[in-house]
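Geometric and topological summary
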Amino acid sequence: MRAVVALADGSSDEGRVRAIADGARQIAGTSVAAMLFPDDRSIGYDDPSAPVFALRESSPEVRRLFLHALGRFAVPGAFFVPADQARAFVGVAAAVPVGGTLFVHIELDERVLGSIAVARDAADHAEVAALRAYADAVARLIGARREVYQSQRESRDSRVLALVDERIRRAVESDDLLFTIAEAVCEGFSAERCAIFERTVADGNRARTLAVAGPGAASLPAVVSLRLEPESVARALGVRRAFAVPLARDGRAEQILAVGFSDDVADESAASALRSVAAHVGLALANTLLYERERDRRSRAEALERIVRVLRDTQSLEEVLLVFVIAVTHELPIDCAAYEHEGDGYVRRAVRMRAHGAPEPAERIDVGSLAPFLESDEPTDASVLPRPLRERVLAGRPGVLVPLHVEGAPWGALAFPVDSSVAAWQPDERTTFFRTLGSHLELALANAQAFDREQHRAQERATLAEAARTILSYTTLRPLADAMCRLAANLVGAPRACAVRTEADGFVPIGVFGSNAEELADRFALRRRSRKIAEDRVAGDRRRLRVAEGEGHVGIPLARTSSETGEPEAVEAYLIVETPGVRFGRDALRLLQELGALFALALRNLDLYEETSRANAALRESSEFKDDLIAMLAHDFKGPLTVVLGYCELLLETTSESHEEVEMIFAQTQRLVRLSEDALVLAQTQADGFSLDRTTVDFGAFVRDCLVGIGSLEDRVRLSTPGEALTVSLDPQRFRHVIDNLLSNALKYSEAEVLVSVRRDGDRAVLEVTDRGIGIPSAELNAVFTRFGRATNARSKGVAGTGLGLYVSRKIVDVHRGTVAVESKLDRGSTFTVTLPLLSAAPTSVGA
């Protein structure tokens, strides 16, 4: 009965073995030993007063040897080992029995759960049967107990797993997850303490405490000595009994889950359950790691997008680098330094450290030490760099070195000292991210270089355009040469420039810019005897002349170009530009040559302008002489002709002899008078001093007075004037000449009546002279107002005329701000129309 109670009340394995031995002793009536084989252990009890049998140790190997040795001594329902065969237990038993021993196995489902040993000299069938029945009953009780225990264990395991899963679902951050797991496992196993450790890299037998749950958790050291053996785990946790299982994550078992109990109630089932929990925890940690990695990737992608968006608004190289290092250190837990290749080293152009006072990367690094790590496009981890270089580039910290290539050529490098959080990134992710970051900076630098080139080209175009305008702005040599020197210096960023012209005995400065610019010619020995002009043939068989003394200065020859071949004929001057200590590049020389070509053109244009000015002065002097001569002749002719006219009139009145001859002389003399008057007016209109002596008149009355004054109101002329006064402003003497020309032409080219009318047309006074004469061809209407212009039909009919009358009339009307026009039909007559602007004031005079 005691055995039944001991097997059913959940006693320890040692208590159950003793109870089994006590029950067998009641049946056998003598000393009895009992053994149980739970899992891989062997638990035995032997009577201390009269030992029967005990295994040498509790290992599975000794148990298997024991069962194998009994196989030769089987009897119905049991095993009997005579005293003379007791040597079979040598190496198995703690002590070889001195007499015979009867063994009855406790079996369940053909599995040996234990054994009962009784000291006997022979096997009694009745006793064997009784012990067999007892052993079977014990086996059934153990089986029932195991079923109950298995159910309880499964319930516990399910409860622990459910609790762990629930706590895992609530946790987000990795650290929170580890504490949550420790608390859930401690609660689920009713354990004294639960901890999660991480092996240290330096020593695999030492571990860092990551999370602890249970009473006294704060007292656990941050670093403990730990192995997976239960005793080591128990010492680390400070408990009597403990189990530990590894937590696998990413295929590596770097963390350990340990559970400690304050007593010995925990068995191997707890370890098995703990392994199940460890599998769930490992999966949860893996999922958490994936979540954190994805979150970090998303965060890095967003930061990268913000950095790229900021770079889009930058233009110059300096601005791009400064904005980049600020944006990177603001968005990411990294420091940044940007280097540019310059000469024999890499010069730091921008740097920003997030921590105030943190050591900065070196300002300059030699090419030889850095170049081997920048040959490829891939970033270089700090672990690969030599320690001295790592100290200079990354301030001795973990980090990455990223090469920069712009437009296919090496440009510089980026140094990224990083924190431990960035150093823990996956190597491939870290490499990809920093390469992407460098690629975006390379694109921004390429755009900045393109912008700088475009700005420089725009400045060059503006300078050359200003030079082209300068050519047209100056008419004297010195201001032109000074302006071109200034443009040349600004074009290439030089402090001084000068222009010299070739003379018989050397060179003479004609323009300067900057301090001491006049000394350039002497300082660089610009003398014909010591200067050799190189002529290089280029595309199109066009010669390019260039004089270059070397570093710091250049002389551009300004050659006169042949108008026929387009090639330089002779060097007239030189444009000298100086930048001390700097050799001019190909682009600078090209720009200076283009400016030199414009300068040479300007000098040529200046020579042409001076020649043209001299020619214009001579022409103007000749024209003035001609006008003066014509005016003098016309004025001097008019006096004698007036005398001839007077005597002709006297002869016509006093004598009848040769009357026709006198009339012919009178008519031709009148023609000469009009011709002299036209010539005089023409000469006056061509002169610069042509002016009007205006007065205000009634236009209709003025026309009537003109017709009466010249004796033209005869039977062939009919005048029509308005009833109102048309007030105009005119020069009576000059405008009388217009009316005389129009009326004389009408009477000359027509034998019929001539109509003269004056009328108003809006704000203008209109004079129309209409005849019914020979008319004018439509194609020649505009030609009659030109100098010496006459219609072809007038010439063919032999009508006398010079072609100056209408030309002079148009000139006079134009000066009065009026208009003159003609409408004509061939053989039907012509109408000449003159308009003048009206005045609102009343007239002060009526006649001339």
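Residues numbered from 1 in each chain as written. Predicted model: local features only at pLDDT ≥ 70, side-chain atom pairs only at ≥ 80, totals over all residues. Heavy atoms only, no water.

1. Overview of the overall build of the protein
On a plain count of helices and strands, the protein comes out with 20 helices and 30 strands. Evaluated residue by residue, the protein yields a buried proportion of 44% over its 848 residues. If you take every contact in the protein between residues at least 6 apart in sequence, the share linking residues at least 24 apart comes to 57%. Only carbon and sulfur atoms are counted for the fraction: they give 51% of the accessible area of the protein, which is about 43800 Å². (Helix = DSSP H or I, 4+ residues; strand = E, 2+ residues; numbered from the N terminus. Buried < 20%, exposed > 50% of the residue type's maximum accessible area, 1.4 Å probe, protein only. Contact = heavy atoms within 4.5 Å. Areas by Shrake-Rupley, 256 points an atom, 1.4 Å probe, with all protein chains shown as cover.)

2. Structural notes on a negative patch on the surface
Side chains of E107, D109, E110 and E147 sit close together on the surface and give a patch of like negative charge. Its location among the elements puts E110 in the loop between β5 (101-108) and β6 (111-119). (Patch = residues over 30% accessible without salt bridge, like charges linked within 9 Å, V, L, I, M, F, W, Y side chains within 5 Å. Salt bridge = Lys/Arg side-chain N within 4 Å of Asp/Glu carboxyl O. Lys, Arg positive; Asp, Glu negative; His and termini not counted. Charge placed at Lys NZ, Arg CZ, Asp CG, Glu CD.)

3. Description of the pattern of salt bridges
Taken as a whole and assessed by the stated rule, the structure comprises 32 salt bridges. A salt bridge links E127 to R120, with the shortest nitrogen-to-oxygen separation between them at 2.6 Å. Looking at E127, the relative accessible area reads 11%, which means it is buried. We note a salt bridge from E724 to R760, for which the minimum N-O separation is 3.2 Å. Of this pair, E724 sits in the loop between β25 (717-720) and β26 (727-730) while R760 sits in strand β27 (residues 754-761), and the two are 36 residues apart along the sequence. A relative accessible area of 40% means that E724 is categorised as partly exposed. One network of salt bridges, in which partners are shared, links E294, R297, R300 and E429.

4. Quick notes on the sheet that holds strand β2 (residues 43-45)
Pairing is antiparallel across the open sheet formed by six strands, whose spatial order is β2-β1-β6-β5-β4-β3. The strands lining the two open edges of the sheet, one partner per strand, are β2 and β3 (74-75). Here strand β1 (residues 32-36) runs beside β6; their pairing, made up of five bridges, is antiparallel. Counterpart to A34 in the pairing with β6 is I116. Helix-sheet contacts for helix α2 (residues 13-28) involve β1, β2, β5 and β6, and the interaxial angle to β1 is about 145°. (Pairing = 2+ DSSP bridges. Axes fitted to C-alpha atoms, helices over the stretch in contact; angles between N-to-C directions.)

5. A few points about the packing of aromatic side chains
Under the criterion given, the structure shown has twelve aromatic pairs. Connected via pairs of aromatic rings, a cluster forms that spans F53, F66, F89 and F103. The ring of F433 has R300 lying over it, and the distance from NZ or CZ to the ring centre is 5.9 Å. (Phe/Tyr/Trp six-rings, centres within 6.5 Å; stacked < 30°, edge-to-face > 60°. Lys NZ or Arg CZ within 6 Å of the ring centre and 35° of its normal.)

6. Structural notes on the sheet that holds β27
Across the sheet, which stays open at both edges, the five strands sit in the order β25-β27-β28-β30-β29 with mixed pairing between neighbours. Unpaired on one side and paired on the other, β25 and β29 (819-825) mark the two borders of the sheet. Direction aside, neighbouring strands of the sheet carry axes that sit 15° apart on average.

7. So, the packing of helix α8 (residues 317-331) against helix α12 (residues 427-473)
Contact pair α8 / α12: the axes reach a minimum separation of 9 Å and the direction vectors enclose 155°. It follows from the interaxial angle that α8 and α12 lie roughly antiparallel. In this structure, the crossing between α8 and α12 has a hand that is right-handed. Contacts from L317, V320, L321, F324 and V328 in α8 reach L437, L441, A444, L445, A448, Q449 and D452 in α12. Considered class by class, the residues forming the contact of α8 with α12 number ten nonpolar, one polar and one charged. (Parallel < 35°, antiparallel > 145°, perpendicular 65-115°, else oblique. Left-handed = near helix turned anticlockwise from the far one by under 90°. Nonpolar A, V, L, I, M, F, W, Y, C, P; charged D, E, K, R; others polar.)

8. Side note on the nonpolar core
Of all hydrophobic cores here, the largest spans 39 residues; its most connected members are F699, V703, F735, V756 and L767. Those residues in contact with F735 that sit more than four places away from it in its chain are F699, F702, L730, I812, V813, H816, V834 and L836. One finds A327, V400, V422 and F434 within the second-largest nonpolar core, a separate group that totals 34 residues. (Core = buried A, V, L, I, M, F, W, Y, C linked by side-chain atoms within 4.5 Å.)

9. Examining the packing of helix α18 (residues 732-748) against helix α20 (residues 805-815)
Interhelical geometry of α18 versus α20 gives an angle of 145° and a closest axis separation of 9 Å. Handedness of the crossing formed by α18 with α20: left-handed. Packed against α18, whose contacting residues are R734, F735, H737, V738, N741, L742 and N745, the element α20 presents G805, L806, V808, S809, I812 and V813 at the interface. Residues belonging to the contact of α18 with α20 are distributed by class as follows: seven nonpolar, five polar and one charged.

10. Things to note about the environment of A794
You can see A794 is positioned in helix α19 (residues 792-796). When the C-alpha atoms of A794 and I776 are compared, they prove to be 8.3 Å apart, with 18 residues separating the residues in sequence.

11. Considering the side chain of S809
On the secondary structure map, S809 appears in helix α20. Beyond its immediate sequence surroundings of up to four residues, S809 is in contact with V738 and N741.

12. So, the pairing of strand β4 (residues 78-81)
Here is the key point about a regular strand: its side chains alternate between the two faces of the sheet. Judged by which residues are buried, β4 turns out to be covered on both faces: A78 and F80 on one side and F79 and V81 on the other are all buried. Bridging between β3 and β4 involves two bridges; their strand directions are antiparallel. Across the sheet, V75 pairs through a bridge with A78, a residue of β4. Where β3 folds back on β4, the antiparallel hairpin that results is connected by two residues, among which G77 adopts a positive phi of roughly 80°. Where β4 meets β5, three bridges bridge the pair, whose relative direction is antiparallel.

13. Structural notes on the environment of L311
Take L311: it is sitting in helix α7 (residues 268-311). Judged by relative accessible area, L311 falls into the buried class, the value being 6%. In this structure, the C-alpha to C-alpha distance between L311 and L445, residues 134 residues apart in sequence, is 9.5 Å. Excluding residues that lie within four positions of it along the chain, L311 makes contacts with V320, V323, F324, H440 and A444.

14. Quick look at the confidence of the model for the protein
On average, residues of the protein score 78 in pLDDT, and 81% of them reach the 70 mark or higher. Confidence scores differ between elements of the protein, with strand β20 (residues 534-538) showing the lowest mean pLDDT of 35 and strand β28 (residues 764-771) the highest of 94. Within the model, pLDDT remains below 50 along residues 525-549, and this stretch shows 53 contacts once partners closer than five positions in the same chain are excluded. Across residues 841-848, where pLDDT falls below 50, the model places 21 contacts with residues more than four positions away in sequence or in other chains. (pLDDT = per-residue confidence, 0-100.)

15. A word on unusual backbone geometry
The phi torsion at A395 lies on the positive side, around 55°, for a residue other than glycine. With respect to the element layout, A395 can be found in the loop between α10 (387-393) and β16 (399-406). The backbone of E407 sits at a positive phi, close to 55°, despite the residue not being glycine. Summarising the element assignment, E407 is placed in the loop between β16 and β17 (409-417). When its relative accessible area of 52% is taken as the criterion, E407 is described as exposed.

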